Amino acid sequence: MKEKIIENISKPEVLEKLYRDNAENFSKSFQDISQEYDSELMKFWKIRLAPEVVPVKKDFEKKDLRAVIFLSILGGILVKIPAILMLADIGSFFERNIALIIFNGLILYTMWNHKPLNRKSILWYVAVVLFLAFYLNVLPYYKSDSIKLTFIYAALFLWCLFGFAYIKFDPKKTKKLIGFIRFNGELTIMTGLIIIAGFLFSMITIQLFSALNLHIEVFMVSNILLIGGVSAPIISFYLIRIYPGYSGDTDPLFRRY
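The paragraphs below set out a description of the structure included in this document. As the structure is a prediction and not an experimental result, all values here were calculated from the model. (Residues numbered from 1 in each chain as written. Predicted model: local features only at pLDDT ≥ 70, side-chain atom pairs only at ≥ 80, totals over all residues. Heavy atoms only, no water.)

Details of the packing of helix H7 (residues 90-113) against helix H9 (residues 145-166)
The geometry of a pair of packed helices is captured by two quantities: the angle between their axes and the separation between those axes.
Okay, step 1: Orientation of H7 relative to H9, taken along the N-to-C sense of each, is 0°, at an axis distance of 9 Å. Accordingly, the angle class assigned to the pair H7 and H9 is roughly parallel. Contacts between H7 and H9 involve Glu95, Arg96, Ala99, Leu100, Phe103, Leu106, Ile107, Thr110 and Met111 from the former and Lys148, Phe151, Ala155, Leu158, Trp159, Leu161, Phe162, Ala165 and Tyr166 from the latter.
Okay, step 2: The residue makeup of the contact of H7 with H9, split by class, is 14 nonpolar, one polar and three charged. (Axes fitted to C-alpha atoms, helices over the stretch in contact; angles between N-to-C directions. Helix = DSSP H or I, 4+ residues; strand = E, 2+ residues; numbered from the N terminus. Parallel < 35°, antiparallel > 145°, perpendicular 65-115°, else oblique. Contact = heavy atoms within 4.5 Å. Nonpolar A, V, L, I, M, F, W, Y, C, P; charged D, E, K, R; others polar.)

Printed below as a string of structure tokens:
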């Protein structure tokens with residue numbers, strides 16, 4: 001391959017054919033002889049075969065990390081509303097609002113990454129979410145299949161709203177929808193791993209305190225596990241976004257616009 005490249009060093013058509021026939025071998029051979037030649041054609045091939053490097057802004061992770069922390073704290077406050085207001089029917093609150101709390105954290109983080117922000121889309125989103133929250137919380141709570149189906153379809157609607165936010169509220173971006181389906185798989189796996197790790201850490205902590213005759217089971221379940229479970233999807237989103245290569249995706253899910 002080296003001999004062929006040297007023989008056709010000034011013939012771009014032949015070099016292109018050699019590259020297409022065996023790109024890997026061509027790249028390795030070209031690197032060995034690239035220092036011996038300095039023509040315009042060689043400069044072109046040096047640029048073409050150079051590994052692609054995506055520049056990363058220095059303040060990228062700091063700003064995103066602040067957003068993740070803020071949304072996690074906000075979700076933790078919302079999920080503690082039954083304890084703060086001392087509501088009697090905690091099960092009813094979570095059945096109505098847990099999907100709202102989790103998906104709204106994901107949607108807000110998605111919108112944070114889509115800059116510049118579209119005010120019209122934000123107002124539309126706020127109106128829809130407020131109406132949905134009002135509707136879910138005024139429904140009577142009793143054992144009824146229709147009420148349970150309402151809560152299930154509300155969660156599915158929020159998932160669709162999450163997908164709509166993913167494509168920047170532009171239904172014409174059909175290719176992005178395929179990326180959203182793949183992203184859901186990565187998000188589910190990462191969230192599951194974080195929840196399992198948090199659960200194991202909590203169980204170990206409970207056992208260690210039990211050895212000291214201190215029982216913290218109620219505190220761990222009602223605070224650490226509950227708040228951590230709500231925050232896990234947002235943290236997973238953040239990790240997938242800043243380390244897209246580790247999830248098997250060579251193209252980042254989101255880029256700064």
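A word on the packing of aromatic side chains
Okay, step 1: Within this structure, the stated rule accounts for 12 aromatic pairs.
Okay, step 2: Taking the centre distance of 5.6 Å and the plane angle of 40° together, the rings of Trp159 and Phe180 count as tilted. In this pair, Trp159 is assigned in helix H9 and Phe180 in helix H10 (residues 174-211), connecting sequence segments 21 residues apart.
Okay, step 3: Trp159 sits in the partly exposed class, given a relative accessible area of 34%.
Okay, step 4: In this structure Phe180 comes out as buried when scored by relative accessible area, which is 4%.
Okay, step 5: Ring pairs connect the aromatic residues Tyr109, Trp159, Phe162, Tyr166, Phe180, Phe183 and Phe237, which therefore count as one cluster. (Phe/Tyr/Trp six-rings, centres within 6.5 Å; stacked < 30°, edge-to-face > 60°. Buried < 20%, exposed > 50% of the residue type's maximum accessible area, 1.4 Å probe, protein only.)

With respect to H9
Okay, step 1: With 22 residues, H9 extends 32 Å from end C-alpha to end C-alpha; this agrees with the ideal 32 Å at 1.5 Å per step.
Okay, step 2: For H9, the complete set of buried residues consists of Ile147, Phe151, Ala154, Leu158, Leu161, Phe162, Gly163, Ala165 and Tyr166.
Okay, step 3: Check the buried side of H9 and you find it contacts H7, helix H8 (119-138), H10 and helix H11 (217-242).
Okay, step 4: After H9 finishes, the residue Lys168 shows a positive phi value of roughly 60°. (Expected span 1.5 Å × (residues − 1).)

Comments concerning unusual backbone geometry
Okay, step 1: The phi angle at Asn213 is positive, at roughly 65°, despite the residue not being glycine.
Okay, step 2: Tracing the sequence through the fold places Asn213 in the loop between H10 and H11.

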